[in-house]
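Listed here are the chains, written in short residue letters.
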Amino acid sequence: MIQAWKIVTSTLDRSYRIFNLRTDTAISPRTGKAHDFYILESAPWVNVIPLTPDDQVVLIRQYRHGTQETTLEIPGGLVEATDDPRSAALRELKEETGYEGQSPFLVGKVHPNPAILNNECFTYAVLDVARTGK
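Residues numbered from 1 in each chain as written. Predicted model: local features only at pLDDT ≥ 70, side-chain atom pairs only at ≥ 80, totals over all residues. Heavy atoms only, no water.

A. Representation of the sheet that holds strand 1 (residues 6–15) in the model. Taken in spatial order, the three strands of this open sheet run 1-2-3, and their pairing is antiparallel. Either end of the sheet is taken by a strand with one partner, and the two such strands are strand 1 and strand 3 (34–41). On average, adjacent strands in this sheet sit at an angle of 20° to one another, irrespective of strand direction. Relative to strand 3, strand 2 (residues 20–27) is paired through eight bridges, and the arrangement is antiparallel. Along strand 3, the bridge assignment pairs threonine 23 with tyrosine 38. (Pairing = 2+ DSSP bridges. Helix = DSSP H or I, 4+ residues; strand = E, 2+ residues; numbered from the N terminus. Axes fitted to C-alpha atoms, helices over the stretch in contact; angles between N-to-C directions.)

As structure tokens, this is what we get:
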């Protein structure tokens, strides 16, 4: 059976606008040796699959500095402190596309990169979306 590593120290290294960087020192249950782990603490994320009445997916183009490319994406973003994942999905859809829709439902949730991130990503589908704003 896989055993958890015992954390002996956990230190907030630096706080940024959208995430914190934390260093944990943990002991391997197999070898007894200490290792450092670098964790990005982040709020949960949401992704939205917006479907029009004729089953078209609404996508957005955004410049992304990490890849230094313009990418084609589904809408999404951070779940803010005043949100729950469902309301964040509807907010991000409207903010990023000007579309609103009916019957949002949770498709699923994942840990995007559990080796270095501590958050979850929720994916919602929103049906019958229509443009209601810019």
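B. Structural detail: the packing of aromatic side chains. Taken as a whole and judged by the stated rule, the model has two aromatic pairs. Ring centres of tryptophan 5 and phenylalanine 37 lie 5.3 Å apart, and the angle between their planes is 90°; this geometry places the pair in the edge-to-face category. A residue pair is termed long-range when its members are at least 10 positions apart, and tryptophan 5 in the segment before strand 1 and phenylalanine 37 in strand 3 qualify at 32 residues. Residue classification places tryptophan 5 among the partly exposed residues on the basis of a relative accessible area of 37%. (Phe/Tyr/Trp six-rings, centres within 6.5 Å; stacked < 30°, edge-to-face > 60°. Buried < 20%, exposed > 50% of the residue type's maximum accessible area, 1.4 Å probe, protein only.)

C. Representation of helix 1 (residues 85–97) in the model. Between the first and last C-alpha of helix 1 there are 18 Å, a value that for 13 residues agrees with the 18 Å anticipated at 1.5 Å per step. Contacts from the buried residues of helix 1 go to strand 4 (45–50), strand 5 (60–64), strand 7 (76–78), strand 8 (99–110) and strand 9 (121–131). Two or three places before arginine 86, at the opening of helix 1, aspartate 84 has a side-chain oxygen 3.0 Å from that residue's backbone nitrogen. Backbone geometry just downstream of helix 1 places glycine 98 in the positive-phi region, at approximately 80°. (Expected span 1.5 Å × (residues − 1). Contact = heavy atoms within 4.5 Å. Polar contact = N/O pair within 3.5 Å; in protein donor to acceptor, adjacent residues only side chain to side chain.)

In short, shape yes, function no, at least from these values alone.
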